[in-house]
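# Fold and geometry: a report
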Amino acid sequence: MRLGTVRVGEDRSAAVEREGRWYALGVPAGTPLEAVLAAGAGEVARLAASATEPIEDAVPVAPLRPGKIVAIGLNYLDHIREAGMDRPERPLMFAKFPSSVIGPGEEIVVDDELTERVDWEVELAAVIGSPLRHADEKEALAGIAGYTVANDVSARDLQFADGQWTRGKNLDTFCPLGPVIVTPDEIDDPQALALRTVVNGETVQDSTTAEMLFGVAELLAYCSRAFTLEPGDVVLTGTPWGCGEFMTPRRSLRPGDVVEVSVEGIGTLRNPVVGRR
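Because the structure is predicted, anything quoted here is derived from the model rather than measured. (Residues numbered from 1 in each chain as written. Predicted model: local features only at pLDDT ≥ 70, side-chain atom pairs only at ≥ 80, totals over all residues. Heavy atoms only, no water.)

### Concerning the UniProt feature "domain: Fumarylacetoacetase-like C-terminal" (unreviewed entry) in the chain
- UniProt feature "domain: Fumarylacetoacetase-like C-terminal" (unreviewed entry): in the numbering of this structure it lies at residues 68-274.
- Here residues 68-274 is 17% helix and 35% strand, with 26 Å between the C-alpha atoms at its ends. (UniProt positions renumbered as here; feature names shortened; annotations may be inferred. Helix = DSSP H or I, 4+ residues; strand = E, 2+ residues; numbered from the N terminus.)

### With respect to the side chain of Glu245
- Tracing the backbone shows Glu245 in the loop between β16 (234-236) and β17 (258-263).
- Taking the relative accessible area as the measure of exposure, Glu245 reaches 9% and is therefore buried.
- Ignoring anything within four residues of it in the chain, the contact list for Glu245 reads Arg117, Asp119, Arg156, Phe160, Arg250 and Arg251. (Buried < 20%, exposed > 50% of the residue type's maximum accessible area, 1.4 Å probe, protein only. Contact = heavy atoms within 4.5 Å.)

### Brief notes about a negative patch on the surface
- A grouping of Asp136, Glu137, Glu139 and Glu218 is seen on the molecular surface, where their side chains present a negatively charged patch.
- If you trace the backbone, Glu218 turns up in helix α7 (residues 216-226).
- Given the relative accessible area of 33%, Glu218 is considered partly exposed. (Patch = residues over 30% accessible without salt bridge, like charges linked within 9 Å, V, L, I, M, F, W, Y side chains within 5 Å. Areas by Shrake-Rupley, 256 points an atom, 1.4 Å probe, with all protein chains shown as cover. Salt bridge = Lys/Arg side-chain N within 4 Å of Asp/Glu carboxyl O. Lys, Arg positive; Asp, Glu negative; His and termini not counted. Charge placed at Lys NZ, Arg CZ, Asp CG, Glu CD.)

### With respect to unusual backbone geometry
- Between Gly178 and the following residue, Pro179, the backbone shows a cis peptide bond with an omega angle of 0 degrees.
- For Pro179, the position within the fold is in strand β13 (residues 175-182).
- Within the chain, Leu74 stands out as a residue other than glycine whose phi angle is a positive 50 degrees.
- On the secondary structure map, Leu74 appears in the loop between β5 (69-73) and α3 (77-83).
- In this structure, Asn200 takes a positive phi of about 55 degrees despite not being glycine.

### Concerning the environment of Val8
- By the element assignment, Val8 lies in strand β1 (residues 2-8).
- For Val8, a relative accessible area of 31% puts it in the partly exposed group.
- Along the chain, Val8 and Ile102 lie 94 residues apart, while their C-alpha atoms are 17 Å from each other.
- Once residues within four sequence positions are removed from consideration, Val8 is found in contact with Ile55, Glu56, Asp57 and Ala58.

### Some remarks on the pairing of strand β14 (residues 194-199)
- Bridge count for β14 against strand β15 (residues 202-208) is six bridges, and the pairing is antiparallel. Residue Arg196 lies in a different strand from β15, and its bridge partner there is Asp206.
- Judged from the five bridges that link them, β14 and β17 form a sheet pairing that is antiparallel. Opposite Thr197, over in β17, you have Val261 as the bridge partner. (Pairing = 2+ DSSP bridges.)

### Details of helix α2 (residues 41-49)
- Inspection of α2 places Val44, Leu47 and Ala48 among the buried residues, and these make up the whole buried set. Along the long axis of α2, the arc covered by the buried residues comes to 100 degrees, so they all point the same way. Among the exposed residues of α2, those oriented more than 90 degrees off its buried face are Gly42 and Ala49.
- Where α2 is buried, its residues touch β1, β2 (11-18) and α1 (33-38). (Arc of directions from axis to C-beta.)

### Thoughts on the pattern of salt bridges
- Tallied over the full model, the rule gives 19 salt bridges.
- The salt bridge partner of Glu121 is Arg156, with a shortest N-O separation of 2.7 Å. With Glu121 in the loop between β9 (118-119) and β10 (122-128) and Arg156 in helix α5 (residues 156-162), the pair connects residues that are 35 residues apart, well separated along the chain.
- You can call Glu121 buried: its relative accessible area is 5%.

### Let's talk about the packing of aromatic side chains
- Taken as a whole and assessed by the stated rule, the structure comprises one aromatic pair.
- Taking 5.1 Å as the distance between ring centres and 65 degrees as the angle between the ring planes, the aromatic pair formed by Phe94 and Trp165 counts as edge-to-face. Residue Phe94 is located in strand β6 (residues 92-96), and its partner Trp165 is located in the loop between α5 and α6 (166-169); the two are separated by 71 residues in the primary sequence.
- On the accessibility criterion, Phe94 (12% relative accessible area) is buried.
- Judged by relative accessible area, Trp165 falls into the partly exposed class, the value being 25%.
- A cation sits over an aromatic face here: Arg18 above Tyr23, 5.0 Å from the ring centre. (Phe/Tyr/Trp six-rings, centres within 6.5 Å; stacked < 30°, edge-to-face > 60°. Lys NZ or Arg CZ within 6 Å of the ring centre and 35° of its normal.)

### Regarding the sheet that holds β15
- Ordered by their spatial adjacency, five strands build an open sheet running β8-β18-β17-β14-β15, and the pairing between neighbours is mixed. On the outer flanks of this sheet lie β8 (108-110) and β15, each paired with one strand and no other. Across the sheet, the mean angle separating the axes of adjacent strands is 20 degrees when strand polarity is ignored. (Axes fitted to C-alpha atoms, helices over the stretch in contact; angles between N-to-C directions.)

What follows is the structure in structure tokens.
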């Protein structure tokens, strides 16, 4: 299933996508998708199967508003090599704020009074469907409601100058998500998915989730030993090589750019870049 949230006029609705068209899930108006996912895979499947009413003039937005966003740094071997850093002995976790989330087509805002080095990071994002606490890897995979695409936009100058990553990772609009959530039955192996970033038509990241140092199941189990992962939470699983910060010469996003991040089997998340108004 390909699930998401669409806007029609001022209203937002949980929906299912089939062959490029959106269909109403049959839940009360205003019901967030994260609440639908929390009802369980069986109920989601029932709602999706009964969704036959097409939604006209639907505009996809961020598929959900996460309760929390757990992100993982330095989790791709090719990215570790390009950054010239040591392999982490355990997953390197940080948080992104829900207030940083935007959806497909929405603008990434670069505030030049705050940052001059804004970078892209394509990521596979796991969306939690069942509470996970002290989960093993099998239980962790079973607790995933689906996968989506994320762009962990990063203000590198703030990230490195602050000595920790909170501010540089959490400027408003710095977490594009979407365009859909694809349920696990359509993802044969989360460790065998191609990822790509295209900026202004040029491919800058091109890798695969096979390069992960810690796989999806291991990451979720690791997180769940420290804190509860709840339905609607999102875990960003890291980015591969090709970040602009580590290019020679360094490259950064500028107003007028268009950045597209893609994950095989899920789709492409496209966002224009603008300056602060």
